Amino acid sequence: MWVGLYGGGLARWLGYHQWESWTHAEGLAGNEVGAFARDRSGRLWIGTDGGLQSMRPGDKLSRPWTAKQGLPDTNVRALAVGWDGSIWSGAVEGGIARMDPRTGSIRRYRLGTNQSDNRVTAIMIDRQGRIWVTADGGLFRSLRSDQFAEFERQTLPDIPNTGQRENIGPVFEGARRQLWIPTSEGLLRLEDGRWTRLTKKDGLLSSHISYVAETPDGHLWITYTEALGISRLTFEPNRLVV
(Lines give C-alpha, C1' and ligand atoms only; values in the text may rest on other atoms or scores of the structure.)
Protein backbone atom coordinates (compact mmCIF):
# COMPACT_ATOMS: atom_id res chain seq x y z
CA MET A 1 0.00 0.00 0.00
CA TRP A 2 1.24 3.45 -0.97
CA VAL A 3 0.36 6.71 0.76
CA GLY A 4 0.99 10.27 -0.40
CA LEU A 5 1.45 12.70 2.46
CA TYR A 6 0.98 16.45 2.61
CA GLY A 7 4.40 17.57 3.82
CA GLY A 8 5.63 14.07 4.65
CA GLY A 9 6.52 12.75 1.21
CA LEU A 10 5.69 9.25 -0.05
CA ALA A 11 5.29 6.16 2.13
CA ARG A 12 4.84 2.45 1.45
CA TRP A 13 3.45 -0.02 3.96
CA LEU A 14 5.58 -3.20 4.05
CA GLY A 15 3.76 -4.99 6.85
CA TYR A 16 2.85 -4.68 10.50
CA HIS A 17 4.74 -1.67 11.92
CA GLN A 18 6.98 -1.59 8.83
CA TRP A 19 7.09 1.42 6.52
CA GLU A 20 9.42 2.71 3.84
CA SER A 21 9.39 6.42 3.01
CA TRP A 22 10.77 8.95 0.55
CA THR A 23 11.25 12.65 1.24
CA HIS A 24 13.67 15.34 0.07
CA ALA A 25 16.41 13.38 1.81
CA GLU A 26 15.80 10.35 -0.46
CA GLY A 27 15.57 12.46 -3.62
CA LEU A 28 11.86 13.26 -3.73
CA ALA A 29 11.36 16.56 -5.54
CA GLY A 30 8.72 17.80 -3.10
CA ASN A 31 7.36 16.64 0.23
CA GLU A 32 3.76 17.42 -0.74
CA VAL A 33 2.57 14.42 -2.78
CA GLY A 34 -0.57 15.23 -4.75
CA ALA A 35 -0.95 12.02 -6.77
CA PHE A 36 0.72 8.81 -7.87
CA ALA A 37 0.00 6.17 -10.51
CA ARG A 38 1.64 2.98 -11.76
CA ASP A 39 2.05 2.25 -15.46
CA ARG A 40 1.86 -1.17 -17.12
CA SER A 41 5.61 -1.75 -16.80
CA GLY A 42 5.42 -1.36 -13.01
CA ARG A 43 6.97 2.08 -13.00
CA LEU A 44 5.56 4.39 -10.32
CA TRP A 45 4.85 8.01 -11.26
CA ILE A 46 4.68 10.59 -8.49
CA GLY A 47 3.29 14.11 -8.65
CA THR A 48 4.63 16.52 -6.02
CA ASP A 49 4.85 20.23 -5.39
CA GLY A 50 8.38 19.99 -6.78
CA GLY A 51 7.51 18.31 -10.06
CA LEU A 52 6.81 14.90 -11.64
CA GLN A 53 9.07 11.92 -10.97
CA SER A 54 9.13 8.20 -11.64
CA MET A 55 10.62 5.19 -9.90
CA ARG A 56 11.08 1.66 -11.17
CA PRO A 57 10.84 -1.27 -8.72
CA GLY A 58 14.07 -1.49 -6.75
CA ASP A 59 15.51 1.62 -8.37
CA LYS A 60 16.06 5.23 -7.34
CA LEU A 61 13.83 8.19 -8.07
CA SER A 62 14.25 9.80 -11.48
CA ARG A 63 15.13 13.42 -12.02
CA PRO A 64 12.04 15.63 -11.77
CA TRP A 65 10.13 17.07 -14.70
CA THR A 66 9.07 20.64 -13.89
CA ALA A 67 7.79 23.74 -15.67
CA LYS A 68 11.32 24.13 -17.10
CA GLN A 69 10.91 20.81 -18.92
CA GLY A 70 7.50 21.77 -20.29
CA LEU A 71 4.90 21.02 -17.62
CA PRO A 72 2.19 23.68 -17.18
CA ASP A 73 3.29 24.13 -13.58
CA THR A 74 5.81 22.48 -11.26
CA ASN A 75 3.14 21.68 -8.66
CA VAL A 76 1.56 18.42 -9.92
CA ARG A 77 -1.55 17.16 -8.13
CA ALA A 78 -3.26 14.76 -10.58
CA LEU A 79 -1.99 11.78 -12.61
CA ALA A 80 -3.38 9.13 -14.95
CA VAL A 81 -1.84 6.57 -17.31
CA GLY A 82 -3.18 6.51 -20.86
CA TRP A 83 -4.03 3.36 -22.79
CA ASP A 84 -1.00 4.03 -25.00
CA GLY A 85 1.31 4.32 -21.98
CA SER A 86 1.37 8.12 -21.97
CA ILE A 87 1.41 9.94 -18.65
CA TRP A 88 -1.21 12.63 -18.09
CA SER A 89 -0.56 15.14 -15.33
CA GLY A 90 -2.64 17.96 -13.92
CA ALA A 91 -1.14 21.07 -12.39
CA VAL A 92 -2.20 23.61 -9.79
CA GLU A 93 -2.03 26.22 -12.55
CA GLY A 94 -1.99 25.96 -16.33
CA GLY A 95 -4.06 22.90 -17.20
CA ILE A 96 -2.77 19.42 -18.02
CA ALA A 97 0.08 17.79 -19.91
CA ARG A 98 0.69 14.57 -21.82
CA MET A 99 4.16 13.07 -21.59
CA ASP A 100 5.57 10.29 -23.75
CA PRO A 101 7.72 8.30 -21.29
CA ARG A 102 9.79 6.86 -24.12
CA THR A 103 11.01 10.21 -25.39
CA GLY A 104 10.24 12.55 -22.51
CA SER A 105 8.39 14.90 -24.85
CA ILE A 106 5.60 16.93 -23.27
CA ARG A 107 2.51 18.54 -24.77
CA ARG A 108 0.35 20.94 -22.79
CA TYR A 109 -3.40 21.49 -22.97
CA ARG A 110 -5.53 24.26 -21.54
CA LEU A 111 -9.04 23.29 -20.53
CA GLY A 112 -10.91 26.59 -20.53
CA THR A 113 -10.49 30.32 -20.72
CA ASN A 114 -10.82 31.05 -17.00
CA GLN A 115 -7.94 30.63 -14.59
CA SER A 116 -10.02 28.32 -12.40
CA ASP A 117 -10.69 26.06 -15.42
CA ASN A 118 -6.99 25.18 -15.47
CA ARG A 119 -6.52 24.46 -11.77
CA VAL A 120 -6.69 20.68 -12.02
CA THR A 121 -7.64 18.46 -9.09
CA ALA A 122 -8.12 15.01 -10.69
CA ILE A 123 -7.73 13.07 -13.97
CA MET A 124 -9.42 9.78 -14.90
CA ILE A 125 -9.30 7.77 -18.14
CA ASP A 126 -12.29 5.47 -18.58
CA ARG A 127 -12.55 2.13 -20.38
CA GLN A 128 -13.50 3.90 -23.61
CA GLY A 129 -10.30 5.93 -23.54
CA ARG A 130 -12.04 9.19 -22.67
CA ILE A 131 -10.17 11.57 -20.39
CA TRP A 132 -12.13 13.18 -17.58
CA VAL A 133 -10.53 16.17 -15.87
CA THR A 134 -11.85 17.77 -12.71
CA ALA A 135 -10.82 21.37 -12.14
CA ASP A 136 -11.79 24.17 -9.80
CA GLY A 137 -13.77 25.66 -12.69
CA GLY A 138 -15.74 22.55 -13.70
CA LEU A 139 -15.60 19.16 -15.41
CA PHE A 140 -13.93 18.65 -18.81
CA ARG A 141 -13.75 15.67 -21.17
CA SER A 142 -11.82 14.58 -24.22
CA LEU A 143 -13.11 11.75 -26.40
CA ARG A 144 -9.57 10.59 -27.17
CA SER A 145 -6.43 10.19 -25.07
CA ASP A 146 -3.68 10.58 -27.67
CA GLN A 147 -1.75 13.73 -28.56
CA PHE A 148 -4.76 15.07 -30.48
CA ALA A 149 -6.98 15.28 -27.40
CA GLU A 150 -9.45 18.17 -27.28
CA PHE A 151 -11.23 19.07 -24.08
CA GLU A 152 -14.80 20.30 -23.75
CA ARG A 153 -16.63 21.56 -20.70
CA GLN A 154 -19.37 19.20 -19.54
CA THR A 155 -22.85 20.49 -18.76
CA LEU A 156 -23.99 18.98 -15.47
CA PRO A 157 -27.55 18.71 -14.12
CA ASP A 158 -28.95 21.85 -12.54
CA ILE A 159 -28.35 22.21 -8.83
CA PRO A 160 -30.70 23.67 -6.21
CA ASN A 161 -30.45 27.43 -5.87
CA THR A 162 -28.19 27.36 -2.82
CA GLY A 163 -26.04 30.29 -3.83
CA GLN A 164 -22.94 28.10 -3.42
CA ARG A 165 -20.43 27.08 -6.08
CA GLU A 166 -20.48 23.34 -6.74
CA ASN A 167 -17.26 21.57 -5.83
CA ILE A 168 -16.62 18.56 -8.07
CA GLY A 169 -14.66 15.49 -6.96
CA PRO A 170 -12.78 12.85 -8.98
CA VAL A 171 -14.67 10.81 -11.58
CA PHE A 172 -15.10 7.12 -10.73
CA GLU A 173 -16.04 4.37 -13.20
CA GLY A 174 -18.00 1.41 -11.85
CA ALA A 175 -18.00 -2.18 -13.07
CA ARG A 176 -21.14 -1.51 -15.13
CA ARG A 177 -19.39 1.41 -16.84
CA GLN A 178 -21.50 3.94 -15.03
CA LEU A 179 -19.57 7.09 -14.12
CA TRP A 180 -19.97 8.53 -10.64
CA ILE A 181 -18.86 11.94 -9.41
CA PRO A 182 -19.01 13.12 -5.79
CA THR A 183 -19.90 16.79 -5.48
CA SER A 184 -20.89 19.32 -2.85
CA GLU A 185 -24.43 19.19 -4.29
CA GLY A 186 -25.02 15.46 -4.48
CA LEU A 187 -23.80 12.35 -6.27
CA LEU A 188 -23.77 12.53 -10.08
CA ARG A 189 -24.26 9.49 -12.29
CA LEU A 190 -23.67 9.23 -16.03
CA GLU A 191 -25.33 6.23 -17.66
CA ASP A 192 -26.15 5.75 -21.35
CA GLY A 193 -25.26 9.39 -22.01
CA ARG A 194 -27.69 10.72 -19.38
CA TRP A 195 -26.77 12.55 -16.18
CA THR A 196 -28.76 12.18 -12.97
CA ARG A 197 -28.19 13.76 -9.57
CA LEU A 198 -28.81 11.99 -6.26
CA THR A 199 -29.16 14.11 -3.13
CA LYS A 200 -30.44 13.97 0.42
CA LYS A 201 -33.96 13.97 -1.02
CA ASP A 202 -33.18 10.57 -2.57
CA GLY A 203 -32.18 9.07 0.76
CA LEU A 204 -28.52 10.06 1.12
CA LEU A 205 -27.46 11.21 4.58
CA SER A 206 -26.25 14.47 3.05
CA SER A 207 -25.82 16.05 -0.37
CA HIS A 208 -22.16 16.84 0.40
CA ILE A 209 -20.32 13.81 -1.00
CA SER A 210 -16.54 13.44 -0.81
CA TYR A 211 -15.55 9.99 -2.18
CA VAL A 212 -16.98 7.04 -4.11
CA ALA A 213 -15.79 3.41 -4.19
CA GLU A 214 -17.17 0.08 -5.37
CA THR A 215 -16.78 -3.37 -3.86
CA PRO A 216 -16.46 -6.59 -5.91
CA ASP A 217 -20.11 -7.45 -5.18
CA GLY A 218 -21.19 -4.34 -7.09
CA HIS A 219 -22.24 -2.20 -4.16
CA LEU A 220 -21.34 1.47 -4.21
CA TRP A 221 -19.97 3.10 -1.07
CA ILE A 222 -19.81 6.83 -0.45
CA THR A 223 -18.38 9.10 2.23
CA TYR A 224 -19.58 12.54 3.18
CA THR A 225 -17.90 15.86 3.84
CA GLU A 226 -19.52 15.92 7.27
CA ALA A 227 -18.78 13.34 9.95
CA LEU A 228 -21.77 11.17 9.07
CA GLY A 229 -20.03 7.87 8.43
CA ILE A 230 -20.38 5.97 5.14
CA SER A 231 -23.32 4.71 3.10
CA ARG A 232 -23.75 1.64 0.93
CA LEU A 233 -25.90 2.20 -2.14
CA THR A 234 -27.89 -0.54 -3.83
CA PHE A 235 -29.87 0.15 -6.96
CA GLU A 236 -33.10 -1.74 -7.44
CA PRO A 237 -35.57 -1.15 -10.27
CA ASN A 238 -36.69 2.47 -10.11
CA ARG A 239 -35.36 3.10 -6.60
CA LEU A 240 -32.23 3.68 -4.58
CA VAL A 241 -31.62 1.77 -1.34
CA VAL A 242 -29.18 3.36 1.14
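Residues numbered from 1 in each chain as written. Predicted model: local features only at pLDDT ≥ 70, side-chain atom pairs only at ≥ 80, totals over all residues. Heavy atoms only, no water.

### Points about the sheet that holds strand 6 (residues 51-55)
Spatially, the 3 strands line up as an open sheet ordered 4-5-6, and their pairing is antiparallel. The open sheet is flanked by strand 4 (33-38) and strand 6, the only strands paired with a single partner. Mean inter-strand twist for the sheet, computed between neighbouring axes without regard to direction, equals 20°. Sheet topology note: the strand 4/strand 5 (residues 44-48) ladder contains 5 bridges and is antiparallel. Each bridged residue has a counterpart across the sheet, and for A37 the counterpart in strand 5 is W45. (Pairing = 2+ DSSP bridges. Helix = DSSP H or I, 4+ residues; strand = E, 2+ residues; numbered from the N terminus. Axes fitted to C-alpha atoms, helices over the stretch in contact; angles between N-to-C directions.)

### Description of the environment of Q154
Relative to the helices and strands, Q154 is located in the loop between strand 14 (152-153) and strand 15 (172-173). The class for Q154 is buried, based on a relative accessible area of 14%. Taking the C-alpha atoms as reference, Q154 lies 7.7 Å from G138; in sequence the two are 16 residues apart. If near-sequence neighbours (up to four positions away) are discounted, Q154 is found in contact with W132, L139, F140 and R141. Here E152 takes part through its backbone oxygen, which lies 3.1 Å from a polar atom of the side chain of Q154. (Buried < 20%, exposed > 50% of the residue type's maximum accessible area, 1.4 Å probe, protein only. Contact = heavy atoms within 4.5 Å. Polar contact = N/O pair within 3.5 Å; in protein donor to acceptor, adjacent residues only side chain to side chain.)

### What to know about the pairing of strand 10 (residues 106-109)
Bridge count for strand 9 (residues 96-99) against strand 10 is 4 bridges, and the pairing is antiparallel. Bridge pairing in strand 10 links M99 to I106. Hairpin connection of strand 9 to strand 10: 6 residues between the antiparallel strands, including G104 at a positive phi of 80°.

### Re the packing of aromatic side chains
Taken as a whole, this structure holds 6 aromatic pairs when the rule is applied. A ring pair is formed by W2 and W22, whose centres lie 5.4 Å apart and whose planes are at 25°; its orientation type is stacked. Here W2, found in strand 1 (residues 2-5), pairs with W22, found in strand 3 (residues 18-22); they are 20 residues apart in sequence, far enough to count as distant. By relative accessible area, W22 is classed as buried at 11%. Considering the side-chain rings of W88 and Y109, the 5.3 Å spacing of their centres and the 35° angle between planes classify their relative orientation as tilted. Here Y109 lies in strand 10 and W88 lies in strand 8 (residues 87-91), a separation of 21 residues in the sequence. The burial state of W88 is the same as that of Y109; both residues are buried. (Phe/Tyr/Trp six-rings, centres within 6.5 Å; stacked < 30°, edge-to-face > 60°.)

### Examining the nonpolar core
Of all hydrophobic cores here, the largest spans 15 residues; its most connected members are W88, I96, L111, I123, V133 and F151. Among the secondary structure elements, those contributing two or more residues to this core are strand 7 (76-81), strand 11 (120-125) and strand 12 (131-135). If you look at the next biggest cluster of nonpolar residues, it comprises 12 residues, including L52, V76, I87 and M99. (Core = buried A, V, L, I, M, F, W, Y, C linked by side-chain atoms within 4.5 Å.)

### Some words on the pairing of strand 11
Taking burial as the measure, the 6 residues of strand 11 include 5 buried ones, the bulk of the element. Bridge count between strand 11 and strand 12: 5 bridges; the pairing is antiparallel. Directly across from I125, in strand 12, lies its bridge partner I131. Here strand 11 folds back onto strand 12 in antiparallel fashion, the turn holding 5 residues, of which G129 has a positive phi close to 85°.

### Quick notes on the side chain of S210
Relative to the assigned elements, S210 resides in strand 19 (residues 209-214). At a separation of 2.7 Å, a polar atom in the side chain of S210 contacts the side chain of T223. Of note is the side chain of S210, whose polar atom sits 3.5 Å from the backbone oxygen of Y224. Leave out the neighbours within four places in its chain, and S210 touches P182, T223, Y224 and T225.

### Observations concerning unusual backbone geometry
Within the chain, H17 stands out as a residue other than glycine whose phi angle is a positive 60°. Counting through the fold element by element, H17 comes out in the loop between strand 2 (9-15) and strand 3.

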